Amino acid sequence: MSRKYELVYVVSPDATDNQVADLHTQVEAIIQRLGGQLEKTDNWGRRKLAYDIGRHKEGTYVLEVINGGGELMKEIDRRLKVTDLVIRHLTVRVDEEQGVVDRTRARRTEISRRRRTARGLTPDRQPGEGQRGEPDDDRDDRFEMGGEEHR
Amino acid sequence: MNGRKSFGGGGGRGKSSTTQDKGKDGQRRPMFRRRKVCKFCSDKIDDINYKDIKLLMPFVPERAKVLPRRISGTCALHQRKLRTAIMRARQLALIPYTTE
């Protein structure tokens, strides 16, 4: 049974591009060895950290989407923990969450289609059709918060 | 706080428009307050992802705390998802824990 995980790791800013690539191949090797698949990989490049980690203020972020089992993730986790070059990493299981999102989305479009056909319209919304509320309705009071309580 | 809050119970969902304030300085407060709506419900954002910092940042005010529901108007379900997303983003130093 395969699960889907997302792995993000932050590589120290001292690392060269080669070292980052090297790390990626290492991760890939573990995935291969333990029978997983690398679905997608994405290098976000160098970003400023929101807070200092150790003495670092920046880091290179790499995202990998992996299909595989828990044992595989455990191994990757262990390896990243001992790698000094990686200053932070996070694994998140995403398949269940994704399933829920897809189902709600499907249900929503289905309901909207049903309602639209009941009203004698085409099932899908045509471009330029329908105005949602007053134009400025949802814009202004979302983020000008705090006003009420702390004045 | 001196009991000036005009919001009712129920998790402080933000009463709809006409909240008449009975406090001593009621005059200064506006009579009408628009009903707050959950941003994620109204925009139909199903997936609150820790990688989407642009989406999360409005809910992390200056002190880097999570913006409470009574102020943002987010519904319970989405606030919960928002919270996990923010906590994950914090681990990766995408969002600060605090500011000095």
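The rules we used
- Residues numbered from 1 in each chain as written.
- Chains lettered and ligands numbered in written order.
- Predicted model: local features only at pLDDT ≥ 70, side-chain atom pairs only at ≥ 80, totals over all residues.
- Helix = DSSP H or I, 4+ residues; strand = E, 2+ residues; numbered from the N terminus.
- Buried ≥ 20, exposed ≤ 12 C-beta atoms within 10 Å, placed from the backbone.
- Contact = placed C-beta atoms within 7 Å.
- Core = buried A, V, L, I, M, F, W, Y, C linked by C-beta atoms within 7 Å.
- Pairing = 2+ DSSP bridges.
- Axes fitted to C-alpha atoms, helices over the stretch in contact; angles between N-to-C directions.
- Expected span 1.5 Å × (residues − 1).
- Nonpolar A, V, L, I, M, F, W, Y, C, P; charged D, E, K, R; others polar.
- pLDDT = per-residue confidence, 0-100.
- Parallel < 35°, antiparallel > 145°, perpendicular 65-115°, else oblique.
- Left-handed = near helix turned anticlockwise from the far one by under 90°.

## Regarding the overall build of chain A
Within chain A, the secondary structure is distributed over three helices and four strands. Ordered by position in the sequence, the α and β elements of chain A form the string β-α-β-β-α-β-α. Each of the 151 residues in chain A was classed as buried or not, and the buried ones make up 17%. In chain A, 74% of the contacts between residues at least 6 apart in sequence involve partners at least 24 apart.

## Some details on the nonpolar core
Residues Tyr9 and Val10 of chain A together with Ala85, Ile86 and Ala89 of chain B are the most contacted members of the largest nonpolar core, which totals 30 residues. Every element with two or more residues in this core is listed here: strand 1 (3–11), helix 1 (17–33), strand 3 (56–68), helix 2 (70–82) and strand 4 (86–93) of chain A together with helix 4 (76–91) of chain B. Discounting residues that sit within four places of it in the chain, Tyr9 of chain A has contacts with Val62, Leu80, Val86, Arg88 and His89 of chain A.

## Looking at the sheet that holds strand 4 of chain A
Residues and elements named next belong to chain A. Strand order in this open sheet of four strands is 2-3-1-4, and the pairing throughout is antiparallel. This sheet does not close on itself; its edge strands, each paired only once, are strand 2 (37–53) and strand 4. Strand after strand, the sheet turns through a mean of 20 degrees between neighbouring axes, direction not considered. Here strand 2 pairs with strand 3 via 11 bridges, running antiparallel. In the strand pairing of strand 3, Gly45 is matched with Tyr61. Sheet strands in contact with helix 2 are strand 1, strand 3 and strand 4, and its direction is about 165 degrees off that of strand 4.

## Focus on helix 3 (residues 95–118) of chain A
With 24 residues, helix 3 of chain A extends 35 Å from end C-alpha to end C-alpha; this agrees with the ideal 34 Å at 1.5 Å per step. Just beyond helix 3 of chain A, the residue with positive phi is Gly120 of chain A, at close to 75 degrees.

## Things to note about the interface of chain A and chain B
Counting residues at the interface gives 20 residues for chain A and 21 residues for chain B. Contributions of two or more residues to the side of chain A that touches chain B are made by strand 1, strand 2, strand 4 and helix 3 of chain A. A breakdown of the residues in the side of chain A that touches chain B according to their chemical character gives 11 nonpolar, two polar and seven charged.

## So, unusual backbone geometry
Residues and elements named next belong to chain B. Despite not being glycine, Lys44 has its phi angle at roughly 55 degrees, a positive value. Considering the arrangement of structural elements, one finds Lys44 in the loop between helix 1 (39–42) and helix 2 (53–56). Residue class for Lys44 comes out exposed when judged on the 9 C-beta atoms lying within 10 Å of it. Phi angles above zero are rare outside glycine, and Ala64 is one such case at about 70 degrees. Within the fold, Ala64 resides in the loop between helix 2 and helix 3 (69–72).

## Some points on the confidence of the model for chain B
Residue and element names in this part refer to chain B. Confidence along chain B averages 78 in pLDDT terms, with 70% of residues attaining 70 or more. The weakest mean pLDDT in chain B belongs to helix 1 at 89; the strongest belongs to helix 4 at 94. Long-range and interchain partners of residues 1–23, a stretch whose pLDDT sits below 50, account for 26 contacts in this model, where long-range means more than four residues apart. Overall fold confidence for the complex sits at a pTM of 0.72, while the interface term, ipTM, reaches 0.73.

## Some points on the environment of Ile76 of chain A
All names here are of chain A. Locating Ile76 in the fold gives a position in helix 2. Residue class for Ile76 comes out buried when judged on the 24 C-beta atoms lying within 10 Å of it. Put simply, Ile76 and Asn43 are 33 residues apart on the chain and 18 Å apart in space, counted from C-alpha to C-alpha.

## Focus: the packing of helix 1 of chain A against helix 2 of chain A
All names here are of chain A. Direction vectors running N to C along helix 1 and helix 2 enclose 150 degrees, while the axes themselves pass 10 Å from each other. What the angle tells us is that helix 1 and helix 2 run roughly antiparallel. Helix-helix and strand crossings are classified by hand; for helix 1 and helix 2 the assignment is right-handed. Mapping the contact onto sequence places Val27, Ile30 and Ile31 in helix 1 and Leu72, Glu75, Ile76 and Arg79 in helix 2. Broken down by class, the residue content of the contact of helix 1 with helix 2 amounts to five nonpolar, no polar and two charged.

## As for the environment of His56 of chain A
Residue and element names in this part refer to chain A. Position of His56 among the secondary structure elements: in strand 3. Judged by C-beta crowding, with 16 C-beta atoms within 10 Å, His56 ranks as partly exposed. Along the sequence, His56 and Pro123 sit 67 residues apart, while their C-alpha atoms lie 54 Å from each other. Look past the residues within four positions of His56 in its chain and what remains in contact with it is Ser12, Pro13, Leu49 and Ile87.

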